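The lines below spell out each chain.
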Amino acid sequence: MPANAIPAELRKAKPLEGAPSSSDFQFLLAAIQKVEQRDKIQAPGRRVQVDDEGQPQVPANSPIGNPLRLRPVLDALASLCVSKPRGEVVAIAMECAADTSVTFRVATNSEVPTATVNHLQSMLRKMQEVSSSYRKNKATQSHEVTPDQQTMGLTNSLVYMCIDFSFEKWKKRIHSKLEPFLSIPHNDLPKAHPFVKTRVCIRGLVHLYKNKPQFSDQEEWRSLVIHLQDTQKATQAFIETKPVVGAESRRYEKFPSIETYLIKVNSLINHLGALVRATRSPHCEALLNKQCWAKHLPSMSTKVAAVPNTPEEWEAVLEKAASVQPTDYDLDLNVIRGDSRFMAQSDIPRDISVHCEIKILLDIFRNESPAYTYIGVSKLSCRGCHAFFAAFNNIHDTHFLTRGSHGKSYFPWQFPLNFPKSNAVADKAYRLLAERWVPTYHGYRPRMVHLQPDSTAGSGAQEIELGDRREDDNTLSLEVLTADLPETGNH
Ligand SMILES: [Zn+2]
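The shown structure was predicted, so the numbers you read here are calculated from the model rather than taken from an experiment.

Student: Explain the overall build of the protein to me, please; I cannot follow it from the model alone.
Tutor: Secondary structure assignment for the protein yields 15 helices and nine strands. When each of the 491 residues of the protein is scored for burial, the buried share is 40%. Here the contacts in the protein between residues at least 6 apart in sequence split such that 80% fall between residues at least 24 apart.

See the structure below:
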């Protein structure tokens, strides 16, 4: 091909030299994060992990008959272990090691605070008490079971204990997008409109619960729970009107992530519902009869000897990603060099740590006895963890799962060291990360551009990019909003 057939700013990526390493994966993740942060973009989230046929993936080694039943319980336990308003992620998995005990592994992205381990142990103990009281009462009734006073009292104390621990996190969530939510026009709507009802509930929560109730003030705790339940019901009715795509969608156009916000506001009451349902579930009865232990995993971190610093080093990182699909894309050097200079303006951290869900995956994998492979996490996994899970499962033929990914890249992020076939997992994870990112980044130009010499930089690549990017993932499943708590008002 003559040299002038390609516009001056385009160049083919060099072919890959050797298999991509764990460092390549880390540096590419850091590069993606820099671009995403600057441009305020992220990849679409993946809420539920599905197989090639679109069926939900099923965790292995379930200790109960239904392999999907324990997923919301583990997600709830992990979420209710978060006490800090920001920056804390918790992952939890369970293992029935013997006939008499269940081990709950818990990890964070650093060390697990002692208070978190103690809280997990207290939640498990309290769930066992509720379950036992519920069964005893059930044995005396021949028809439908109505929880007695003792069971209700124990349930309430489980619920209050959990809210007490994670109150600050919930408060941060409700305030996170309060302003755009309250700015939605509503004066023309009747009081009975689902949006107005939801708005009244959320405003009430914000004004009434600036601080959590005193621990001994049972009445205050009871009204907080009732208020949360009312908000949950109002939200559910509102979401059923399909606000973002329905007939009234123009009203909400300035706050397109309204549904995501409402899911966050209701996450506390939904997770409490999952725990309470587990205490009454016949599937979980045998599990809660066993001894339940919390085992915390230590921090896993390292200091990287060298990281990309100069524009040339960042350019090499960007070029390598395109080398994964060398026949499909060219480098747009104008964009890549500009972005490489931007990346070199600030250093990336050299202290990096393994994220919590990966630590748990490896701890389960190293274990000799097979354990349930669903890992509950307090939030959706990041882009790096999502690629790692997919690569690990592919190489080891395992079924480790979390509830999904929000699509955002986080750095610092450490690829773990010293596990079986780690080089093959790093190679696969890198390719998965690059294959998903390359079509969305405007520094890479699809080869088809060569056939359209008049095309400008905004055409082919830009269309793909816009279709694949959005600020928030509004496709989250709303199943969680159906969670329901028992009548706390009876107590
Ligand atoms: Zn992660």
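Student: Help me out: how do you make sense of the nonpolar core in this one?
Tutor: Within soluble globular proteins, side chains that are nonpolar generally end up buried alongside one another. Counting 101 residues, the largest nonpolar core has Leu28, Leu77 and Ile92 as its most contacted members. Sort the elements by how many residues they give to this core and helix H4 (residues 149-176) lands first, with eight residues. The two domains that each donate at least three residues to this core are domain 1 (10-46 + 302-355 + 379-446) and domain 2 (113-296). In terms of nonpolar packing, the next biggest core, distinct from the first, is built from eleven residues, Phe195, Ala234, Tyr252 and Ile263 among them.

Student: It is not clear to me how the packing of helix H3 (residues 114-139) against helix H8 (residues 258-280) should be interpreted in this structure. Could you clarify?
Tutor: One can describe the packing of H3 onto H8 by two numbers: an axis separation of 8 Å at closest approach and a directional angle of 45°. Regarding the angle of H3 to H8, the classification is oblique. Seen along the crossing, H3 lies across H8 with a hand that is right-handed. Taken together, the residues of H8 that come into contact with H3 (itself represented by Met127, Val130, Ser131 and Tyr134) are Leu275, Ala278, Thr279 and Arg280. Of the residues in the contact of H3 with H8, the class split is five nonpolar, two polar and one charged.

Student: Which parts of the structure should I look at to understand the environment of lysine 210?
Tutor: By the secondary structure assignment, lysine 210 is in the loop between helix H6 (194-208) and helix H7 (218-239). Through-space distance from the C-alpha of lysine 210 to that of glutamate 168 is 9.8 Å; in sequence the pair is 42 residues apart.

Student: Just to check I follow, could you spell out the confidence of the model for the protein for this structure?
Tutor: Fine structural detail should not be taken from predicted coordinates in areas where pLDDT scores are low. Per-residue pLDDT for the protein has a mean of 87; in total, 87% of the residues score no lower than 70. Counted against residues more than four places away or in other chains, residues 453-491, with its pLDDT under 50, gives 74 contacts.

Student: Looking at this structure, how should I read the sheet that holds strand S2 (residues 90-95)?
Tutor: In sheet architecture, strand pairing relies on hydrogen bonds along the backbone and comes in two forms, parallel and antiparallel. Taking strand neighbours across the sheet as the criterion, the four strands line up as S4-S3-S2-S8 in an open arrangement whose pairing is mixed. Because the sheet does not close on itself, it has two edges, and the strands there are strand S4 (291-296) and strand S8 (376-377).

Student: I tried to follow helix H14 (residues 422-437) on my own but got confused; where do I start?
Tutor: Each turn of an α-helix holds 3.6 residues, which means side chains three or four residues apart point in the same direction. With 16 residues, H14 ought to run about 22 Å at 1.5 Å a step, and its terminal C-alpha atoms sit 22 Å apart, in line with that. Close packing links the buried residues of H14 with helix H1 (22-39), helix H10 (311-323) and helix H13 (383-396).

Student: It is not clear to me how the pairing of S2 should be interpreted in this structure. Could you clarify?
Tutor: On any regular strand, side chains alternate: one points to one face of the sheet, the next to the other face. When you tally the buried positions in S2, you get six out of six residues, the bulk of the element. Alternating positions in S2 separate into two faces, Val90, Ile92 and Met94 on one and Ala91, Ala93 and Glu95 on the other, with burial throughout. Both S2 and strand S3 (residues 101-108) contribute to a ladder of six bridges, which runs antiparallel. Note that in S3 the partner of valine 90 across the bridge is threonine 108. The pairing of S2 with S8 spans two bridges and is antiparallel. Residue alanine 91 lies in a different strand from S8, and its bridge partner there is valine 377.

Student: Whenever I open this one, H3 confuses me. Can you help?
Tutor: The terminal C-alpha atoms of H3 lie 38 Å apart, and with 26 residues this matches the ideal 38 Å at 1.5 Å per residue to within 8%. Within H3, the full set of buried residues consists of Thr116, His119, Leu120, Met123, Leu124, Met127, Val130, Ser131, Ser133 and Tyr134.

Student: What should I look at first to understand the sheet that holds strand S1 (residues 10-12) in this one?
Tutor: One open sheet accounts for three strands, arranged S1-S6-S9; its pairing is antiparallel. Lying at the two open borders of the sheet, with one neighbouring strand each, are S1 and strand S9 (444-446). Geometrically, the sheet is characterised by an average inter-axis angle of 45° between neighbouring strands, direction not taken into account. As paired strands, strand S6 (residues 329-332) and S9 are joined by three bridges and run antiparallel to one another. Within the sheet, the bridge partner assigned to aspartate 330 lies in S9 and is arginine 445. The sheet contacts of helix H11 (residues 333-343) involve S1 and S6, and relative to S6 the element is tilted by about 55°.

Student: Would you mind going over unusual backbone geometry with me for this structure?
Tutor: What you tend to see is this: most non-glycine residues have negative phi, and most peptide bonds are trans. Residue proline 412 is reached from phenylalanine 411 by a cis peptide bond, and omega for that bond is 10°. Assignment of secondary structure puts proline 412 in the loop between H13 and H14. The phi dihedral of aspartate 397 falls on the positive side, at around 55°, and the residue is not glycine. By the secondary structure assignment, aspartate 397 is in the loop between H13 and H14. On the neighbour-count criterion, aspartate 397 (7 C-beta atoms within 10 Å) is exposed. A positive phi angle, near 55°, is found at lysine 421, a position not held by glycine. Along the chain, lysine 421 falls in the loop between H13 and H14.

Conventions we followed
Residues numbered from 1 in each chain as written. Predicted model: local features only at pLDDT ≥ 70, side-chain atom pairs only at ≥ 80, totals over all residues. Helix = DSSP H or I, 4+ residues; strand = E, 2+ residues; numbered from the N terminus. Buried ≥ 20, exposed ≤ 12 C-beta atoms within 10 Å, placed from the backbone. Contact = placed C-beta atoms within 7 Å. Core = buried A, V, L, I, M, F, W, Y, C linked by C-beta atoms within 7 Å. Domains from an automatic or database assignment. Axes fitted to C-alpha atoms, helices over the stretch in contact; angles between N-to-C directions. Parallel < 35°, antiparallel > 145°, perpendicular 65-115°, else oblique. Left-handed = near helix turned anticlockwise from the far one by under 90°. Nonpolar A, V, L, I, M, F, W, Y, C, P; charged D, E, K, R; others polar. pLDDT = per-residue confidence, 0-100. Pairing = 2+ DSSP bridges. Expected span 1.5 Å × (residues − 1).

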